[in-house]
Structures are given as structure tokens and as C-alpha cells.
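Each chain is listed here by its residues.
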Amino acid sequence: MNNALSGNANLTERAVNLAVQNYVDQALLPYHQSLNKRLPKYASHIRTGMDLLRGYVIPEIRTKNHRKTKSEYQSAFFTVQRDMSPNLKLALDVLSYSGVVSQLGTVKIANGTGPRYLVNLALMAAEKAFDTQKTSEAIARLSLTDYREFSSTDPQIQTYLSSLLAPNEACPDCSAPILSNAKFCSECGYKVVATSIVSTLLEESVNALSLSERLQDRVRPKFPTVGSIVQAKRDELMTIPYIKGVRSRIIKNAADEFISG
């Protein structure tokens, strides 16, 4: 709402749409992608879950929404049978953790019941998954009973999940594929060195923090990394022009939240 009202006397549909797109591009998707560094053990599920959602699930809901019906309902919901594979369940759980989807109860579907998921409405709008560009109108027409149902054995879903079984790293000694979480190379026995998650996060650029571009630009010359901000005192941050008590606290909080996840 703050972004939509920024520089506008009135809350217009165009301002809302721009704010929604900015939220998706600058906050929602970057946060989900940053989980790769916080949860490296589940990096493949983080990537595959997002690919599945944007490459298959949302397009299917979009097709449903653009189909003319008497009810004129719009949907942002989908369900999967309860007996879904553990890999799919984990991918959806990670999407729920980052706020990309939300689980809203259980519904009756073919051959039993299944969890109902809501796709983040900002992402739905950004992906043009509604039959109207007026986000407020689409939200007013949402129905909890209108959802796209997916089988737990859907071949399209299985295609995405198959990538989780493929090795995603190479041995630095012999270049043989290494499965995620492996401690040794199966070919040459090379010991895989685990990298400290915290140290990796501390080395990240200040650009990774949930701060406006203007604040990032002001902080970067003196404090270029997340670690430098974590170690800095607020008094040191306040030596930067235009950064005083409130903004120094915002910057420190952003760095702490980035490290803690």
C-alpha cells in the first residue's frame, strides 16, 4: 500500500499493479531464491518447486480462469492428492515457508482428499493469471470452491520432480557427478568440504538485503557486505549522510533478519 500511494494523491489501479509487480520482483521471488543459501540441503527442492509453480501450476490456473463460465469465478487455488510424493510435499512446504503459496485447509477431491493451496495473489497478478488486469476485481471474484486439481501421478509434475534425482554438483578432483549432501565422491573418494552457511551469508553483498535501492546505494561504499553491517555499530552507520536513528535501525534489522532467515 505504501508503494502504491508513493507519489500519488489517489490510489489508482495502475499504481497498485506497479506496486504488486515490484513486490514480486524485489521481495517475494528474491526471498525464495535466497533460501538456496540458507537451506543448501534443499536447494534442488527450492528451485524445482518454483519452476513447477510458474511453469505448470499457474499456467493451468490461468487457463481455468480464462475459460468462460456462468459463475465468472476466478481461482488462485490448486490441490494435490494427499498421497503425493515426499519430494513434491517438501517442494510445496518450502514454497509455503517463503510465502509463495499458502495451505488453506483440506478439500474433497477425486479418490479422497487433498490439501488446498493458495498461490500468492501478487504472483498471480504478476503472471497475468486472472482474466482481468484489475487485481481488485479478480480478488472480489475468488472462490474457495474453485480450484485446479492435480493428480499425485500427474506426468507433468513427475517430469519436474525427476530433476531432483539428478546430481547437481561435480567433484572438484575428478569432475564426476556428486549427489547433493554426499560426503565423499563415489568415483575417487574425494571428501566433500562443507561450507559454513553463516559465513556464506555474511559475505553476501548489501544488495541482498531487504532495503530500498536508495539505502543500498548509500550504505554500499562504506559497508559493502552483510557481514560488515552486522559487525558495525549503529553510530558508525549514522556517519553516512541521511542515515540517522530510524534508518540505522532498519539497516541493522535487515542484516539480522537476512542471517537468521
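This text follows the structure it describes.
Residues numbered from 1 in each chain as written. Predicted model: local features only at pLDDT ≥ 70, side-chain atom pairs only at ≥ 80, totals over all residues. Heavy atoms only, no water.

> Teacher, can you tell me more about the pattern of salt bridges here?
For side chains bearing opposite charge, pairing can occur when the charged atoms are close. Tallied over the entire structure, the rule returns seven salt bridges. Here Glu 60 makes a salt bridge to Arg 148, at a shortest N to O gap of 2.7 Å. Remark: Arg 148 occurs in strand 4 (residues 147–150) and Glu 60 occurs in helix 3 (residues 43–65); sequence separation between them is 88 residues. Judged by relative accessible area, Glu 60 falls into the partly exposed class, the value being 25%. Across the pair Asp 131 and Arg 141 runs a salt bridge, and its minimum N-O distance is 3.0 Å. Pair noted here: Asp 131 is in the loop between helix 5 (121–126) and helix 6 (135–140) and Arg 141 is in the loop between helix 6 and strand 4, with a separation of 10 residues, a long-range link. Residues joined in a network through salt bridges with shared partners are Asp 131, Glu 137 and Arg 141. (Salt bridge = Lys/Arg side-chain N within 4 Å of Asp/Glu carboxyl O. Helix = DSSP H or I, 4+ residues; strand = E, 2+ residues; numbered from the N terminus. Buried < 20%, exposed > 50% of the residue type's maximum accessible area, 1.4 Å probe, protein only.)

> Would you mind going over the packing of aromatic side chains with me for this structure?
Each aromatic ring pair is described using two quantities: the centre-to-centre distance and the angle formed by the ring planes. Per the stated rule, a full pass over the model turns up three aromatic pairs. On the numbers, 6.2 Å between centres and 75 degrees between planes, the contact of Phe 78 with Phe 150 is edge-to-face. You can see Phe 78 sitting in strand 1 (residues 77–80) and its partner Phe 150 sitting in strand 4, a full 72 residues away along the chain. By the burial criterion, Phe 78 is buried, and Phe 150 matches it. (Phe/Tyr/Trp six-rings, centres within 6.5 Å; stacked < 30°, edge-to-face > 60°.)

> Mind showing me how you'd approach the nonpolar core here?
Of all hydrophobic cores here, the largest spans 38 residues; its most connected members are Leu 53, Phe 78, Leu 88, Leu 92, Val 100, Val 119 and Leu 123. Broken down by element, this core gets its largest block of residues, seven residues, from helix 3. Core analysis: the second largest hydrophobic core is formed by 17 residues, Leu 209, Leu 215, Ile 251 and Ala 254 among them. (Core = buried A, V, L, I, M, F, W, Y, C linked by side-chain atoms within 4.5 Å.)

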